[in-house]
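An overview of the molecular structure
As a plain string of letters, each chain reads:
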Amino acid sequence: MTVVGRRSFASIDWISRAVGEHLGFSPWTTITQQRINDFAEATGDHQWIHVDPDRAAASPFGSTIAHGYLTLSLVSTFIEQVVDFGESTTRINYGAERTRFPAPVPVGSRLRGGVEITALDPTTQGHRLQVRVTVEIEGQDKPACVTDMVILLLP
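Everything numeric in this text was worked out from a predicted model, so none of it was measured. All residue numbers refer to positions counted from 1 along the written sequence of the respective chain. Reporting in this predicted model follows two pLDDT cut-offs: at least 70 for local features of residues, and 80 or more for side-chain atom pairs to be given and counted; totals over whole chains, interfaces and linings ignore these cut-offs and use all residues. Calculation of side-chain values draws on the structure's entire complement of heavy atoms; hydrogens and water are dropped beforehand.

**As for the environment of Tyr 94**
Think of it this way: any DSSP run of H or I at least four residues long counts as a helix, any run of E at least two long counts as a strand, and we number them from the N terminus. Within the secondary structure layout, Tyr 94 lies in strand β5 (residues 90-100). Should any heavy atoms of two residues lie within 4.5 Å, those residues are considered in contact. Sequence-distant contacts of Tyr 94, that is, excluding residues within four places in its chain, are made with Val 150, Ile 151 and Leu 152.

**So, the pattern of salt bridges**
Salt bridges are defined as contacts in which a side-chain nitrogen from Lys or Arg sits within 4 Å of a carboxyl oxygen from Asp or Glu. Counted by the stated rule, this structure contains seven salt bridges. The salt bridge involving Arg 91 is made with Glu 80; its shortest N-O contact spans 3.4 Å. Separated by 11 residues along the polypeptide, Arg 91 in strand β5 and Glu 80 in helix α6 (residues 75-82) bring together distant segments of the chain. Each residue gets one of three labels from its accessible area relative to the maximum for its type: buried under 20%, exposed over 50%, partly exposed in between, using a 1.4 Å probe on protein chains only. Since its relative accessible area comes to 35%, Glu 80 is described here as partly exposed. A salt bridge links Glu 97 to Arg 128; the shortest N-O distance between them is 2.4 Å.

**Observations concerning the packing of aromatic side chains**
Two aromatic rings from Phe, Tyr or Trp, using only the six-membered ring of Trp, form a pair when their centres are within 6.5 Å; if the ring planes differ by under 30 degrees the pair is stacked, by over 60 it is edge-to-face, and anything between is tilted. Applying the stated criterion across every chain, the model contains two aromatic pairs. Both rings, one in Phe 9 and one in Phe 85, keep their centres 6.4 Å apart while their planes meet at 25°; by these two values the pair is stacked. Of the two residues, Phe 9 is situated in the loop between β1 (7-8) and α1 (12-17) and Phe 85 in the loop between β4 (83-84) and β5; the sequence distance between them amounts to 76 residues. The pair Phe 9 / Phe 85 is uniform in exposure class, with both members buried. Look at Tyr 69 and Phe 101: their rings are 5.9 Å apart centre to centre, the planes differ by 75°, and that puts the pair in the edge-to-face class. One end of the pair, Tyr 69, is in helix α5 (residues 68-73); the other, Phe 101, is in the loop between β5 and β6 (110-122), with 32 residues separating them in the sequence. Relative accessible area serves as the criterion here: at 56%, Tyr 69 is assigned to the exposed category. Judged by relative accessible area, which is 36%, Phe 101 ranks as partly exposed. Across the ring face of Phe 25, the terminal group of Arg 112 is positioned such that the distance to the ring centre comes to 3.8 Å. The rule is short: NZ of Lys or CZ of Arg within 6 Å of the ring centre and within 35 degrees of the ring normal puts a charge over the ring.

As structure tokens, then:
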């Protein structure tokens, strides 16, 4: 599937009909050394494999690699680029049921997120939406990240 664009949902009922569907892909985004450095600065994670290009060149990866949590932090943006929930619903990031990082993300890689709605359950406050996001690395077989995000949809 190579669909890129936004899928719009006017109501919870429409979202419920999409459970089990792959909704499409976000646009590609390039992981630059500046973005990696900015993430290291924001989080305090200055491990050399991320921020020292000279030392990382001699590593098994051949270059610096993005932090796993940098990759994970892009998931919310990827969801927003693929899904339009409309203005009638407040969305709260509630967490992740499962997150894995099967492949490293070398500097210069291009990533995109594939989005699938896997569950929608009513709660006392609204609805609990589970969205699986698979972060692909252009030209690679293994994904950079696979995560099942939990989003609370509040009226």
